[in-house]
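# A structural walkthrough
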Amino acid sequence: MEDIIIGIPGRWSTQAEIISSVNESQYLLCSSNQVKDLRQNQNYHFEVYDYDPQLSKAFSLAGRQSLNKQDLEAIDSHTYTVYITAPGGSIESAYRAMEVSGKLLTCGGLAIKVESSGIAHCFQDWLTLTMQQDIFSIYKAYVTLIGNDGTYYSCGMHNLGCRDAILKDNISPNEAAQLLEIFLLYLLNENPFIKDGDKFSTSPESKVYKVLHQDCDLYSPDNYFHNSFGMWELAPEWNPSEVVSQIPENSD
């Protein structure tokens, strides 16, 4: 089982106020160590941590363009952070965790950080992604792209029950991000059967990559970022005539 861990800082006056505000919300029931989604009859582990002076910096690094100066100043003034641990490993369970954390966010939270992938979102972005209820939004909620100097990879696909992808090629970061995103959304939308050595390209005119399975050795097994499903390596190929699988560039 892949656990999804989500952190929500807020400016509550006491821990008792957190529990009270959650219990006053629709369909959630909260105790000192558990929050229950009454609609799904699903329990989530629930913890509250005191003020962390490094939290706004962590959100700044993980938030990319999602968090502005005002968001970070608000996070810096937080009093507590709520953490929930939810079952992951599938698109359905990942979406349920989005809904529950979104409801917790509206009970006095300021922003969201997915600790099991290292990506953060401002208040409104998380609620918007949750309301849209599509594969692309779930992907954007949980998956981040990392890399430079010719090595690029995704982190967070394990939350959705899929392998991450890694690419080693002399291309720009923007090109790498586009290629990885197209490939990952192809996995999520089509759930294709891929054999080691199959070929992938975004179009007949684009560079061809050989798809190879590998274990996730970027993070140790006890790290929240570790993907127990493994990774797909996209290895550059140079013979377009051997392409087995192609998808259009705008397939998402």
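Read on for an overview of the structure. As the structure is a prediction and not an experimental result, all values here were calculated from the model.

With that out of the way, let us pick up the overall build of the protein chain. Along the backbone of the protein chain there are 7 helices and 14 strands. Its C-alpha radius of gyration of 19 Å places the protein chain within 12% of the 18 Å reference for a compact globule of 252 residues. Across its three principal directions, the C-alpha atoms of the protein chain cover 65 × 35 × 30 Å. Counting over 252 residues, the protein chain shows a buried share of 50%. In the protein chain, 64% of the contacts between residues at least 6 apart in sequence involve partners at least 24 apart. Carbon and sulfur atoms form 47% of the exposed surface of the protein chain, whose accessible area is close to 12,100 Å².

With that out of the way, let us pick up the pairing of strand S8 (residues 144–148). Bridge analysis of S8 against strand S9 (residues 151–155) gives 5 bridges, and the strand direction is antiparallel. Bridge pairing in S9 places Asn-148 opposite Thr-151. Here S8 folds back onto S9, and the loop between the two strands holds 2 residues, one of which, Asp-149, carries a positive phi near 50 degrees.

Mapping Phe-193 onto the fold places it in the loop between helix H7 (173–190) and strand S11 (198–201). On the accessibility criterion, Phe-193 (69% relative accessible area) is exposed.

This part takes up the pattern of salt bridges. All chains considered together, the criterion is met by 7 salt bridges. A salt bridge links Lys-113 to Glu-115, with the nearest nitrogen and oxygen atoms 3.1 Å apart. Residue Glu-115 is classed as buried on the basis of its relative accessible area of 16%. When salt bridges with common partners are traced through the structure, they connect Asp-37, Arg-39 and Glu-99 into a single cluster.

What follows deals with the sheet that holds strand S6 (residues 111–114). Taken in spatial order, the 7 strands make up an open sheet running S2-S3-S4-S5-S1-S6-S7, and their pairing is antiparallel. With one partner strand each, in any of the chains shown, strand S2 (28–30) and strand S7 (119–122) form the two edges of the open sheet. When strand polarity is set aside, the average angle formed by the axes of neighbouring strands in this sheet is 25 degrees. Pairing of S2 with strand S3 (residues 34–37) involves 3 bridges; the strand directions are antiparallel. The partner of Leu-28 across the bridge, within S3, is Asp-37. Together, strand S1 (3–10), S2, S3, strand S4 (42–50), strand S5 (80–87) and S6 form the strand contacts of helix H4 (residues 91–105), whose direction differs from that of S1 by roughly 15 degrees.

As a further point, take H7. When the terminal C-alpha atoms of H7 are compared, their 25 Å separation across 18 residues agrees well with the 26 Å that a helix rising 1.5 Å per residue should span. Note on H7: the residue one or two positions beyond its end, Asn-191, has a positive phi of about 45 degrees.

Cut-offs applied
Sequence order as written defines the numbering, with residues in each chain counted from 1. The model is predicted, so local features are restricted to residues of pLDDT at least 70 and side-chain atom pairs to those at 80 or more, both for listing and for counting; the totals for chains, interfaces and linings are taken over all residues. Hydrogens and water molecules were not included; the side-chain quantities draw on all heavy atoms of the structure. Starting at the N terminus, helices and strands are each numbered in turn, a helix being any DSSP run of H or I of at least four residues and a strand any DSSP run of E of at least two. Atoms counted for the radius of gyration: C-alpha only. Globule rule: 2.2 Å times the number of residues to the power 0.38. Relative accessibility thresholds used throughout: buried, under 20% of the residue-type maximum; exposed, over 50%; partly exposed, between the two (1.4 Å probe, protein chains only). In this description, contact between two residues means that some pair of their heavy atoms is separated by no more than 4.5 Å. The Shrake-Rupley method, run with a 1.4 Å probe sphere, supplies the accessible areas, and residue values consider only the shown protein chains as cover. Strand pairing is defined by DSSP finding a minimum of two bridges between the two strands. Basic side-chain nitrogens of Lys or Arg form a salt bridge, by our definition, when they fall within 4 Å of a carboxyl oxygen of Asp or Glu. Interaxial angle, 0 to 180 degrees, is taken between N-to-C directions of lines fitted to C-alpha atoms, where a helix line uses only the stretch in contact. Here the expected length of a helix is defined as 1.5 Å per residue gap, with one fewer gap than residues.

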